[in-house]
Amino acid sequence: MTAQIIDGKAFSAKVREQVAAHVARLKEEHGITPGLAVVLVGEDPASQVYVRSKGKQTVEAGMNSYEHKFDATISEEELLAIVDKLNKDPDVHGILVQLPLPDHLDSDLVINSIDPAKDVDGFHISNVGLLGTGQKSMVPCTPLGCLMMLREHHGSLSGMDAVVLGRSNIVGKPMAQLLLGDSCTVTIAHSRTKDLPEVVRRADIVVAAVGRPEMVPGDWIKEGATVIDVGINRIEREGKNKLVGDVDFDSCAARAGAITPVPGGVGPMTIACLLANTVTACCRANGLPEPEGLTA
Ligand code: NDP
């Protein structure tokens, strides 16, 4: 079997178009412009790239982007005061604090100081609890993007066997909750899982989020399964820098029914879902109907 490629770049462009159309309606019919505030602390080069890209795409979708950049030496008290100010600002519908934060800052404390209704990353403990109990919440962007691609490809996921590789709070656990919410039978695997190849071979859906370059070989994949590769790993091969996922693309594509590439799969969906979450937060804040198909 040669797998169908699930094109995250094309699909994310479609999601961004839907977001932009909804933003245009909010402006025209209600005079509201959704606003996203991104807080960046320090000089981490990867974080700077992400924040620039988020700001650019926010503006392209017709929304207001507010960037707040601070020196790595900012105190926790000062940062909490900034978040508090953004929480109270009616023009700000979404707040994102770019992680990782410098070591002297308590990430959990900072994230949990964000108003849950504005927590467009979905990392606030209230949103984690709401997702876990199947209630309306803000859903973390990367798993939301994976879910959207799976729904687009399969329609209903009901009854499918899904294996999520990785149990992090930002990808693995919320991904498993979302798949459970769509009535999959879900297994969460991690570094202590016994006989991982056999566990993965049972899966109709494999979501790989381990952060290990090309760890999953093709012979772990059930014939015809759908493989969603969340991994973003920079490696050097033949003297060149290369971006690879957590699955070995060629051997997995030879067995899978469908697979996401790296780059061009899950990555572009993550920012598209951040924009979607911001519009959703704005609609909820104003008591307006939420955009269809852009939430879990
Ligand atoms: P974490 O490092 O937080 O978690 C990795 C998970 O993988 C852990 O649960 C760990 O298990 C498990 N794991 C590690 N090694 C193995 C192994 N040999 N066998 C089985 N399980 C293993 O990573 P993240 O969840 O933050 O990210 C995962 C990947 O996704 C990374 O490559 C990251 O760059 C990428 N990513 C991509 C995003 C995107 O936008 N596309 C967004 C976020 C992340 P244990 O808990 O037992 O240690």
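Thresholds, definitions, all that
Residues numbered from 1 in each chain as written. Predicted model: local features only at pLDDT ≥ 70, side-chain atom pairs only at ≥ 80, totals over all residues. Heavy atoms only, no water. Pairing = 2+ DSSP bridges. Helix = DSSP H or I, 4+ residues; strand = E, 2+ residues; numbered from the N terminus. Near = heavy atom within 4 Å. Polar contact = N/O pair within 3.5 Å; in protein donor to acceptor, adjacent residues only side chain to side chain. Nonpolar A, V, L, I, M, F, W, Y, C, P; charged D, E, K, R; others polar. Contact = heavy atoms within 4.5 Å. Axes fitted to C-alpha atoms, helices over the stretch in contact; angles between N-to-C directions. Expected span 1.5 Å × (residues − 1). Buried < 20%, exposed > 50% of the residue type's maximum accessible area, 1.4 Å probe, protein only. Arc of directions from axis to C-beta.

A.B. asks: Help me out: how do you make sense of the pairing of strand β10 (residues 240-244) in this one?
C.D. replies: Regular strands place their side chains on alternate faces of the sheet. The pairing of strand β9 (residues 233-237) with β10 spans five bridges and is classified as antiparallel. Paired with Ile235 across the two strands is Lys242, which belongs to β10. Taking the residues that link successive antiparallel strands as the turn, the β9-β10 hairpin has two residues, and the phi of Glu238 there is positive, at about 50°.

A.B. asks: Please clarify how the site of the ligand should be interpreted in this entry.
C.D. replies: Around the ligand sit 22 residues in total, of which Arg167, Ser168, Ser191, Arg212 and Thr270 are the nearest. A distance of 2.5 Å separates an oxygen atom of the ligand from a polar side-chain atom of Ser168. Here a nitrogen atom of the ligand and a side-chain polar atom of Arg212 are 2.7 Å apart. In terms of residue count, helix α10 (residues 266-285) provides more of the shell around the ligand than any other element does, three residues in total. Looking at the shell around the ligand, its residues break down into nine nonpolar, 10 polar and three charged.

A.B. asks: Just checking my understanding: could you explain the sheet that holds strand β5 (residues 161-165) for this structure?
C.D. replies: As a general point, the strands of a sheet are linked pairwise by backbone hydrogen bonds and lie either parallel or antiparallel. Strand order in this open sheet of six strands is β1-β11-β8-β7-β5-β6, and the pairing throughout is parallel. Unpaired on one side and paired on the other, β1 (4-5) and β6 (185-189) mark the two borders of the sheet. Contacts from helix α6 (residues 141-154) reach β1, β7 (205-208), β8 (226-229) and β11 (258-259), with the element oriented near 155° to β8.

A.B. asks: Hey, could you run me through helix α3 (residues 76-88) in this one?
C.D. replies: Note that an α-helix has 3.6 residues per turn; residues three or four places apart therefore point the same way. Spanning 13 residues, α3 covers 19 Å between terminal C-alpha atoms, matching the ideal 18 Å at 1.5 Å per step. Of the positions making up α3, those classed as buried are Leu79, Val83, Leu86 and Asn87. When α3 is viewed along its axis, its buried side chains cluster within an angular range of 105° and face the same direction. The exposed residues of α3 that point more than 90 degrees off its buried face are Glu77, Lys85 and Lys88. On the buried face of α3, the contacting elements are β2 (35-41), β3 (64-70), β4 (94-97) and α4 (107-111).

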